[in-house]
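Chain by chain, the residues run as shown.
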Amino acid sequence: METWFWILGWFLSFLTIIGNGFTIFLVCSRRNLRTKTNAFIVSLAVADFCVGLSVIPSMFFCSDIITNTCHRSQLWIMNIRLLFSNTFAVNLCSLVLDRFIAIIHPLKYITLMTRPRIIQVISFSWVLPVSFNVLKVTLYFKTLPVPFIWLSIIFFKFLPSVVLMLFFVSMIFHVRRHGRSARIVAKQLRFNHQVSFKTQHEKSAVIMMGLVIGVFLVCYGMHLRCSFTILFHTTSCRDENYKIPVLVLNSAINPLVYAFFKRDIKKEFKRLVGAVF
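Computed from a prediction, not measured in an experiment: that's the story for all the values here.

Asks: An account of the overall build of the chain is requested, with residue identities and associated values reported.
Replies: Helix and strand counts for the chain stand at 9 helices and 0 strands. Going residue by residue from the N terminus, the α and β elements of the chain occur as α-α-α-α-α-α-α-α-α. For the chain, long-range pairs separated by at least 24 residues make up 80% of all intrachain contacts whose partners lie at least 6 apart in sequence. Accessible surface for the chain amounts to roughly 15300 Å². Of this, 70% is attributable to carbon and sulfur atoms.

Asks: Explain the pattern of salt bridges to me, and be specific about the residues and the numbers.
Replies: Note that side chains of opposite charge can pair when their charged atoms are close. One pass over the full model with this rule turns up 4 salt bridges. Where R30 meets E268, a salt bridge forms, and the shortest distance between an N and an O atom there is 3.2 Å. On the criterion of sequence distance, the pair formed by R30 in the loop between α1 (3-29) and α2 (36-61) and E268 in helix α9 (residues 263-276) is long-range, its members being 238 residues apart. A salt bridge links E268 to R271; the nearest nitrogen and oxygen atoms lie 3.2 Å apart. Of this pair, E268 and R271 both sit in helix α9, 3 residues apart, which is roughly one turn of that helix.

Asks: Which residues make up the confidence of the model for the chain, and what are the values?
Replies: Of all residues in the chain, 77% attain a pLDDT of 70 or more, and the chain-wide mean is 79. In the model of the chain, helix α7 (residues 192-232) stands out as the element of lowest mean pLDDT, 68, in contrast to α1, which has the highest, 90.

Asks: With reference to specific residues and values, describe a nonpolar patch on the surface.
Replies: Side chains of W4, L8, F11, L15, Y242, L256 and F260 sit close together on the surface and give an oily, nonpolar patch of about 730 Å² of accessible area. Those elements that provide at least two residues to the nonpolar patch are α1 and α8 (240-261). Top contributing element to the nonpolar patch by residue count: α1, with 4 residues. Tracing the chain through its elements places F11 in helix α1. A residue is classified by how much of its surface remains accessible, and F11, at 54% relative accessible area, is exposed.

Asks: Quick rundown of the environment of W76? Include the residues and the values.
Replies: Inspection of the secondary structure puts W76 in helix α3 (residues 74-104). The spatial distance from the C-alpha of W76 to the C-alpha of S58 is 9.6 Å, given a sequence separation of 18 residues.

Asks: Describe in detail the UniProt feature "transmembrane region" (unreviewed entry) in the chain, supporting the description with residues and values.
Replies: Per the UniProt record, "transmembrane region" (unreviewed entry) is found at residues 6-27, 39-60, 80-97, 118-141, 147-173, 205-224 and 244-261. A distance of 26 Å separates the end C-alpha atoms of residues 80-97, which is 100% helix and 0% strand. Across residues 147-173, the secondary structure splits into 100% helix and 0% strand, with the terminal C-alpha atoms separated by 37 Å.

Asks: Run through the environment of I104, naming residues and quoting values.
Replies: Tracing the backbone through its elements, the reader meets I104 in helix α3. Distance from I104 to H174, taken between C-alpha atoms, is 6.8 Å for residues 70 residues apart in sequence. If near-sequence neighbours (up to four positions away) are discounted, I104 is found in contact with S170, M171 and H174.

Calculation rules
Residues numbered from 1 in each chain as written. Predicted model: local features only at pLDDT ≥ 70, side-chain atom pairs only at ≥ 80, totals over all residues. Heavy atoms only, no water. Helix = DSSP H or I, 4+ residues; strand = E, 2+ residues; numbered from the N terminus. Contact = heavy atoms within 4.5 Å. Areas by Shrake-Rupley, 256 points an atom, 1.4 Å probe, with all protein chains shown as cover. Salt bridge = Lys/Arg side-chain N within 4 Å of Asp/Glu carboxyl O. pLDDT = per-residue confidence, 0-100. Patch = residues over 30% accessible without salt bridge, like charges linked within 9 Å, V, L, I, M, F, W, Y side chains within 5 Å. Buried < 20%, exposed > 50% of the residue type's maximum accessible area, 1.4 Å probe, protein only. UniProt positions renumbered as here; feature names shortened; annotations may be inferred.

In structure tokens:
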């Protein structure tokens, strides 16, 4: 790996660890932030934190810059990287599902997203990728059979990408349709402030989801291309110089998105910064 790769990688890793660590601390330490949606955000932030803590540091300390004695550990490094990237993908789908229900079916949200169900969804978001990775390491540590590679591609790359795009497109159409209806009602009832507030809140949620999903699709699109390249043996997949930094960037950008577009987190962040400075 070249020098620019390590400089960029360590910068993104520190940004990921600090940003997601701060998000976890902020939500867990503020009672008013302990909401249903923020439970999904904390779960996703934990997955992001693990990506920042494991991907670049493990590659760096097993590189020729530090030592050349852990080449046997390269498979473990790859498995850990895949574990946390898969965990991130499933947790992101859970977060977007929560926002999808809240925006598309707001009247059913309270009955659908109960506390026990949220715990079940978050637990599933971790148990599924961890179980898959443990099974993979136990049965096929060095070489994976083709069916196992297909399962990994379908369940942790292709399906999350399709589901996220469908949810996002549905939310965009709903917000646009609701915006037109809100403007008509506002003219008739002269109730502009309250109507526009709900529409603006939905727009902020969709923008937040759009940014997170957009970076995710760029990152996992590169992983999909590499997976298909390996699967069909067309050429060697040698794009780690770009794929790994984008993976870490994917986890580093999420806290910034929360700070700018998640209304309650943004408010508490400003209050904390104001108290410190």
